Amino acid sequence: DAGVIQSPRHEVTEMGQEVTLRCKPISGHDYLFWYRQTMMRGLELLIYFNNNVPIDDSGMPEDRFSAKMPNASFSTLKIQPSEPRDSAVYFCASSFRFRGDEQYFGPGTRLTVT
Amino acid sequence: AQKVTQAQTEISVVEKEDVTLDCVYETRDTTYYLFWYKQPPSGELVFLIRRNSFDEQNEISGRYSWNFQKSTSSFNFTITASQVVDSAVYFCALSARSITQGGSEKLVFGKGTKLTVNP
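Because the structure is a prediction, the values reported are computed rather than measured.

Cut-off values and rules
Residues numbered from 1 in each chain as written. Chains lettered and ligands numbered in written order. Predicted model: local features only at pLDDT ≥ 70, side-chain atom pairs only at ≥ 80, totals over all residues. Heavy atoms only, no water. Helix = DSSP H or I, 4+ residues; strand = E, 2+ residues; numbered from the N terminus. Buried < 20%, exposed > 50% of the residue type's maximum accessible area, 1.4 Å probe, protein only. Contact = heavy atoms within 4.5 Å. Areas by Shrake-Rupley, 256 points an atom, 1.4 Å probe, with all protein chains shown as cover. Lys, Arg positive; Asp, Glu negative; His and termini not counted. Charge placed at Lys NZ, Arg CZ, Asp CG, Glu CD. Rg over C-alpha atoms; globule rule 2.2 N^0.38 Å. Disulfide = S-S within 2.5 Å. Buried area = accessible area lost by both parts, 1.4 Å probe. Salt bridge = Lys/Arg side-chain N within 4 Å of Asp/Glu carboxyl O. Polar contact = N/O pair within 3.5 Å; in protein donor to acceptor, adjacent residues only side chain to side chain. Pairing = 2+ DSSP bridges. Axes fitted to C-alpha atoms, helices over the stretch in contact; angles between N-to-C directions. Phe/Tyr/Trp six-rings, centres within 6.5 Å; stacked < 30°, edge-to-face > 60°.

### What about the overall build of chain B?
Phase 1: Helix and strand content of chain B: zero helices and twelve strands.
Phase 2: Helices and strands appear in chain B in the N-to-C order β-β-β-β-β-β-β-β-β-β-β-β.
Phase 3: Principal-axis analysis of the C-alpha atoms gives chain B an extent of 50 × 30 × 20 Å.
Phase 4: Within chain B, the fraction of its 119 residues that count as buried is 47%.
Phase 5: Contacts spanning at least 24 positions in sequence make up 56% of the contacts within chain B whose residues lie at least 6 apart.
Phase 6: Surface exposure of chain B reaches about 5800 Å², of which carbon and sulfur atoms provide 48%.
Phase 7: Counting 12 positive and 13 negative side-chain charges, chain B places the centres of these two groups 6 Å from one another.

### Topic: the overall build of chain A
Phase 1: A tally of helices and strands in chain A yields zero helices and eleven strands.
Phase 2: Starting at the N terminus, the α and β elements of chain A follow one another as β-β-β-β-β-β-β-β-β-β-β.
Phase 3: Against the compact-globule benchmark of 13 Å for 114 residues, chain A has a radius of gyration of 13 Å, which places it among compact chains.
Phase 4: Each principal axis of the C-alpha distribution contributes one length, and for chain A these read about 35 × 30 × 25 Å.
Phase 5: Counting contacts in chain A only where the partners sit at least 6 residues apart, residues at least 24 apart contribute 54% of the total.

### Quick notes on the state of the cysteines
Residues and elements named next belong to chain A.
Phase 1: Counted under the stated rule, the structure contains two disulfides over all chains.
Phase 2: At a sulfur-sulfur separation of 1.8 Å, the disulfide partner of Cys23 is Cys92. On the sign convention where negative means left-handed, the S-S torsion of about -65° between Cys23 and Cys92 marks this disulfide as left-handed. With a gap of 69 residues between them, Cys23 in strand S3 (residues 19-24) and Cys92 in strand S9 (residues 88-95) connect regions that are remote in the sequence.
Phase 3: For Cys23, a relative accessible area of 2% puts it in the buried group.
Phase 4: Cys92 sits in the buried class, given a relative accessible area of 0%.

### Things to note about the interface of chain A and chain B
Phase 1: Contact residues are listed per partner, giving 18 residues for chain A and 22 residues for chain B.
Phase 2: For the pairing of chain A and chain B, the buried interface totals around 1700 Å² over both sides, and the portion due to carbon and sulfur atoms is 53%.
Phase 3: At the junction of chain A with chain B, the criterion picks out two salt bridges.
Phase 4: Among the ionic pairs, Arg50 of chain B bridges to Glu102 of chain A, the shortest N-O distance being 2.3 Å.
Phase 5: In this assembly, chain A and chain B are joined by three residue pairs in polar contact (both at pLDDT 80 or more).
Phase 6: When residues of the side of chain A that touches chain B are traced back to their parent elements, those giving at least two are strand S4 (31-38) and strand S5 (42-50) of chain A.

### Examining the sheet that holds strand S1 (residues 5-7) of chain A
All names here are of chain A.
Phase 1: Pairing is antiparallel in the open sheet, where four strands are placed in the order S1-S3-S8-S7. Looking at which strands have only one partner, the edges of the open sheet turn out to be S1 and strand S7 (65-71). With direction set aside, neighbouring strand axes in the sheet form an average angle of 15°.
Phase 2: As paired strands, S3 and strand S8 (residues 74-79) are joined by five bridges and run antiparallel to one another. Looking across to S8, one finds that Val19 is bridged to Ile79.

### With respect to the packing of aromatic side chains
Residues and elements named next belong to chain A.
Phase 1: Tallied over the entire structure, the rule returns 22 aromatic pairs over all chains.
Phase 2: Note on Phe91 and Phe105: the rings are 6.1 Å apart at their centroids and 80° apart in plane angle, and the pair reads as edge-to-face. Within this pair, whereas Phe91 is found in strand S9, its partner Phe105 is found in strand S10 (residues 104-105), the two being separated by 14 residues in sequence. Both residues of the pair, Phe91 and Phe105, belong to the buried class.

Structure follows, in C-alpha cells:
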C-alpha cells in the first residue's frame, strides 16, 4: 500500500488567504485523523472521522478551521482566513479501527503563514 | 483527563550506550492502550509498539525493549547499544476514553523526547 498521502508537502501563504490541505488515507481504513504539531503545543488531535462522518471535532481551534471527508479516500482540512499562528505541521493519519489500533501517519504538510 | 508526561525533553548519548526514555501516563479508564512513535529528522511519525492495559508483559524487539508497569503508570522505552540512526524524537501516546468528555476516545501524545546519538 502507498501509505497515507498528503498534499501539498509545503505551503507558504499570506495572512488572510484560504488554505486547503488534502489527505488520502490507507485503503480499507475506517478512521481518519487530522493532527497539528507545533513546538509549543506538541501534537494535537484536531478532528477525526469514522466512515466519513466527523466524530469528534473538539480539537478544532476555531471556526476558521473546517474539515470534510466526502468519501472514504479523501479528506480536506481548510483554514479560512489563515493567520500566522496557524503555522505548523499538519498530519493526517488513518487506522483500521480506533480503539487499540495504531495510526499510520502521512508525511505531513508544513504550513507557513506570513 | 488523559495525560502523558515525558519528563526528558532531550537526551544525548554516545553510540553504543543504552538509553531509557521515560513515559508516565494518567487515565481513569480501565481499558486503555499505550503507544510509542518515532519521528526521525525527516519528519514522518513511525509506529513502534502498542500495549493494552491488560498486558503487562515486557516486550523486546531487537535493540528495543519496553517496560510497562501499571503500578507506577509508566511505559518506558529502552534502546540497547544505541546507534546514530536512532536519533529522533520519540513520542509516547495514550488511547483512552475521556470520562469528562462524554466517553469519547482520545489519543493523547506526550511532548516527546529528543534523542541524539553521537558517533
